[in-house]
Amino acid sequence: EAAELYLSAFRRALPKLKRFDAVRGFQFMLAVMHVAATDDQRINALLGEEDGTVDYAAYHAILVPYIAGGLTAISARNMSMCIQKWPGVII
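Residues numbered from 1 in each chain as written. Predicted model: local features only at pLDDT ≥ 70, side-chain atom pairs only at ≥ 80, totals over all residues. Heavy atoms only, no water.

Caption draft 1: Geometry of the packing of helix α1 (residues 2-13) against helix α2 (residues 19-37). α2 packs onto α1 with a crossing angle of 120° between their chain directions and a minimal axis gap of 10 Å. Classified by the angle their axes make, α1 and α2 are oblique. Viewed along their axes, α1 and α2 form a crossing whose handedness is right-handed. Facing Ala 3, Glu 4, Tyr 6, Leu 7, Phe 10 and Arg 11 of α1, the residues of α2 in contact are Arg 19, Ala 22, Val 23, Phe 26 and Met 29. A per-class count over the contact of α1 with α2 returns eight nonpolar, no polar and three charged. (Axes fitted to C-alpha atoms, helices over the stretch in contact; angles between N-to-C directions. Helix = DSSP H or I, 4+ residues; strand = E, 2+ residues; numbered from the N terminus. Parallel < 35°, antiparallel > 145°, perpendicular 65-115°, else oblique. Left-handed = near helix turned anticlockwise from the far one by under 90°. Contact = heavy atoms within 4.5 Å. Nonpolar A, V, L, I, M, F, W, Y, C, P; charged D, E, K, R; others polar.)

Shown next as structure tokens:
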């Protein structure tokens, strides 16, 4: 399955990333990519791109570091500490 390939790659790149965190990071990556790829006129207006022109190179230049930074931040925190502190809470 394609998702497992991503999860494995995330965990190879970030050995401290727990599976739970990799799965949630994958979910967030998909959500961000979906939203970034839609033609949102509000965002276009904020960017001054009312004519519908989209700079996909600019998307790529910010989207990849954003996703990588998020996964790196997730791997840096200690999920097991949160689970011990708040048992029974779904994080």
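So, next bit.
Caption draft 2: Looking closely at the packing of aromatic side chains. Applying the stated criterion across every chain yields a total of two aromatic pairs. Note on Tyr 6 and Phe 26: the rings are 5.5 Å apart at their centroids and 45° apart in plane angle, and the pair reads as tilted. In this pair, Tyr 6 sits in helix α1 while Phe 26 sits in helix α2, placing the two residues 20 residues apart along the sequence. Since its relative accessible area comes to 42%, Tyr 6 is described here as partly exposed. (Phe/Tyr/Trp six-rings, centres within 6.5 Å; stacked < 30°, edge-to-face > 60°. Buried < 20%, exposed > 50% of the residue type's maximum accessible area, 1.4 Å probe, protein only.)

Caption draft 3: Looking closely at the environment of Val 64. Here Val 64 is to be found in helix α4 (residues 56-76). Judged by its relative accessible area of 44%, Val 64 falls in the partly exposed class. When the C-alpha atoms of Val 64 and Met 33 are compared, they prove to be 9.6 Å apart, with 31 residues separating the residues in sequence.

Caption draft 4: Structural view of α4. For α4, with 21 residues, the first-to-last C-alpha span of 30 Å sits near the 30 Å given by 1.5 Å per residue. As for α4, its buried residues are in contact with α1 and α2. (Expected span 1.5 Å × (residues − 1).)

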